[in-house]
Amino acid sequence: MTTAPALEALAHFLGERLTRSKSELELHGRSESHFPLTLPDAVAYPDTTEEVAQIMRVCAAHDCPVVGWGAGSSLEGHGLAVRGGVVVDFTRMNRVLQIRPADMDVTLQPGVTREALNQELRATGLMFPVDPGANATLGGMAMTRASGTTAVRYGTMRDNVLGLQVVLADGRVIRTGTRARKSSAGYDLTGLLVGSEGTLGLVTELTLRLHGIPEATSAGICAFPDMQAAVTAVMDTIQMGIPMARIEFVDAATARAFSSYAGVEMAEAPHLLVEFHGSPDSVAQDAARFAEIVEDHGGSPFRWSAREEERRALWAMRHNGYYAILASRPGARALVTDICVPISELARAVEETQADIAASPIPGPILGHVGDGNFHAILLIDPDSPADLEAAKALSHRMAERALALGGTSTGEHGVGLGKLAYMRAEHGEGWDVMGEIKRALDPKGLLNPGKLVPQG
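In this report, the structure presented in the accompanying data block is examined. Here the structure is a predicted model, which means the values were calculated and not measured.

**Quick word on the overall build of the protein chain**
Looking only at helices and strands, the protein chain features 17 helices and 18 strands. For the protein chain, whose C-alpha radius of gyration is 22 Å, the value lies close to the compact-globule estimate of 23 Å for 457 residues. In terms of principal-axis extent, the alpha carbons of the protein chain reach across some 65 × 55 × 40 Å. Taken across its 457 residues, the protein chain has 54% of its residues classed as buried. Of the contacts made within the protein chain by residues no fewer than 6 positions apart, 71% connect residues no fewer than 24 positions apart. Total accessible area computed for the protein chain in this model is approximately 19100 Å², and 51% of it derives from carbon and sulfur atoms. Distance from the positive charge centre (40 side chains) to the negative charge centre (55 side chains) of the protein chain: 5 Å.

Written as structure tokens, this is what we have:
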């Protein structure tokens with residue numbers, strides 16, 4: 001396979017917006033995690049849906065692979081061009097097209113980041129709540145079915161994408177979904193494409209559900225003697241119907257990293273970080289009820305506040321958790337992995353994972369979205385040590401197998417990419433073959449993000 005004819009044709013209409021410069025190729029050949037540098041043959045910067053369709057038609061004619069690119073913040077190597085070809089970078093397609101406050105929805109291009117969208121929404125009283133931590137593009141978030149700290153109340157990208165405009169492998173442009181809040185008309189193509197990791201099409205437009213900014217917000221933190229007590233407190237909170245907007249946990253190692261990095265004083269113990277949304281009275285009542293549950297399970301007093309600056313400081317600390325943990329082992333690189341289990345199995349999954357990490361030669365602080373049964377291990381490795389990398393991969397493997405054995409999934413929100421491909425057969429059985437059949441039906445040449453997500457021929 002040679003990409004030269006495709007690149008020549010693309011350069012004809014993209015001009016300088018098709019680049020083969022070393023710096024651009026390296027920028028689009030890197031991953032946020034442990035995967036090695038993987039260079040594409042070229043990077044394209046389209047401005048419009050028609051240009052994306054033309055890129056796809058040219059590449060289809062010359063059997064040239066195509067990989068979509070958002071902010072490059074994915075953790076499982078989703079955007080790496082493992083078979084070469086063209087990376088389509090959506091940076092220039094970054095316009096919010098229409099905000100409809102009365103319908104509480106918005107239509108935008110895929111290069112808009114979640115923070116940029118919420119800046120645009122400031123005057124409307126609305127927000128887009130899905131928050132994976134990184135300032136990812138919304139196109140990338142849709143393609144990986146991202147979620148994050150607020151999913152326990154507002155759901156994941158699956159719940160908040162109403163419709164898409166998508167360029168298929170042959171260059172056709174389709175629209176999926178409508179702005180109606182429900183439909184029983186045919187296959188749910190939107191649901192199929194959300195989480196498809198760019199293997200079925202390139203998203204050029206999204207319509208998203210918006211939510212009202214709460215009148216009042218309170219947030220707080222508390223420590224527990226062990227993981228079981230913390231998880232049981234969360235289960236009781238959920239079963240009592242207390243409406244949490246966020247409920248995160250960090251283990252003792254993460255609490256220690258937070259203390260050092262953020263200059264705070266946290267006991268070296270498991271902690272819960274909690275937020276409530278509602279009216280001033282309701283958030284105060286929710287916090288008081290949660291404090292009683294914490295006390296019942298032996299937790300430290302629940303310290304909470306409705307002051308904006310204190311709440312922002314708490315979540316800034318949580319969102320900077322990855323950097324705090326990296327700083328705890330200077331010079332280290334992280335292999336970041338996640339699993340998700342039924343919440344009743346969460347304490348067991350965390351405790352067994354902690355035991356595995358303690359028996360390994362590398363550190364691996366744990367944090368996650370306890371309200372969803374989802375947690376992350378930040379496995380710290382010496383980038384020059386093959387033994388460290390093998391140890392981290394072994395730990396990640398045991399985590400994935402444990403999640404499947406407990407009725408969960410090998411990835412709660414990071415996606416499959418390259419890193420979790422080996423677990424798809426065990427998780428989906430013959431359903432994985434069906435995914436492959438769908439892929440071949442829509443992309444018979446296997447040009448869209450090849451080497452990812454589906455069985456490899």
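**Quick notes on the packing of helix H1 (residues 4-14) against helix H3 (residues 49-61)**
Helix-helix packing is characterised by the crossing angle of the two axes and by the distance between the axes. The contact between H1 and H3 brings their axes to 9 Å, and the two run at 160°. As summarised for this structure, H1 and H3 are arranged roughly antiparallel, according to the angle between their axes. Crossing of H1 against H3: the hand is right-handed. Residue-level inspection shows Ala6, Ala9, Leu10, Phe13 and Leu14 of H1 in contact with H3, the latter providing Glu51, Gln54, Ile55, Val58 and Cys59. For the contact of H1 with H3, the per-class residue count stands at eight nonpolar, one polar and one charged.

**Remarks on the packing of aromatic side chains**
Under the definition given, this model contains four aromatic pairs. For the ring pair Phe276 and Phe290, a centre distance of 6.1 Å and an interplane angle of 65° mean the geometry is edge-to-face. Here Phe276 is found in strand S14 (residues 271-278), whereas its partner Phe290 is found in helix H11 (residues 280-296), with 14 residues between them in sequence. Among the residues examined, Phe290 registers a relative accessible area of 0% and is labelled buried. Aromatic rings pair up to connect Phe276, Phe290 and Phe302 into one cluster.

**So, the pattern of salt bridges**
Counting across every chain of the model gives 32 salt bridges. The partner of Arg402 in a salt bridge is Glu352, with the nearest N and O atoms 2.9 Å apart. Within this pair, whereas Arg402 is found in helix H15 (residues 386-405), its partner Glu352 is found in helix H14 (residues 346-358), the two being separated by 50 residues in sequence. Each of Arg114, Glu115, Asp131, Arg246, Glu275, Glu308, Arg311 and Arg312 takes part in a single network of salt bridges with overlapping partners.

**A word on the nonpolar core**
Phe249, Leu272, Phe276, Phe290 and Phe375 are the most contacted members of the largest nonpolar core, which totals 43 residues. Examining the composition of this core, we find that six residues originate from one element, helix H9 (residues 227-239), more than from any other. Other than its neighbours up to four places away in sequence, Phe276 contacts Ala216, Thr217, Ser218, Ile242, Pro243, Met244, Ala245, Val283, Asp286, Ala287, Phe290 and Phe302.

**What to know about helix H12 (residues 308-319)**
Along its 12 residues, H12 runs 16 Å from first to last C-alpha, staying within 8% of the 16 Å computed at 1.5 Å per residue. By the burial criterion, the buried members of H12 are Arg311, Leu314, Trp315, Met317 and Arg318. Down the axis of H12, the smallest arc covering the buried residues is 150°, so these residues share one side. Turning to H12, the residues buried within the fold contact strand S12 (216-223), strand S13 (244-250), helix H10 (252-262), S14, helix H13 (321-327) and strand S17 (366-369).

Each value, and the rule that gives it
- Residues numbered from 1 in each chain as written.
- Predicted model: local features only at pLDDT ≥ 70, side-chain atom pairs only at ≥ 80, totals over all residues.
- Heavy atoms only, no water.
- Helix = DSSP H or I, 4+ residues; strand = E, 2+ residues; numbered from the N terminus.
- Rg over C-alpha atoms; globule rule 2.2 N^0.38 Å.
- Buried < 20%, exposed > 50% of the residue type's maximum accessible area, 1.4 Å probe, protein only.
- Contact = heavy atoms within 4.5 Å.
- Areas by Shrake-Rupley, 256 points an atom, 1.4 Å probe, with all protein chains shown as cover.
- Lys, Arg positive; Asp, Glu negative; His and termini not counted.
- Charge placed at Lys NZ, Arg CZ, Asp CG, Glu CD.
- Axes fitted to C-alpha atoms, helices over the stretch in contact; angles between N-to-C directions.
- Parallel < 35°, antiparallel > 145°, perpendicular 65-115°, else oblique.
- Left-handed = near helix turned anticlockwise from the far one by under 90°.
- Nonpolar A, V, L, I, M, F, W, Y, C, P; charged D, E, K, R; others polar.
- Phe/Tyr/Trp six-rings, centres within 6.5 Å; stacked < 30°, edge-to-face > 60°.
- Salt bridge = Lys/Arg side-chain N within 4 Å of Asp/Glu carboxyl O.
- Core = buried A, V, L, I, M, F, W, Y, C linked by side-chain atoms within 4.5 Å.
- Expected span 1.5 Å × (residues − 1).
- Arc of directions from axis to C-beta.

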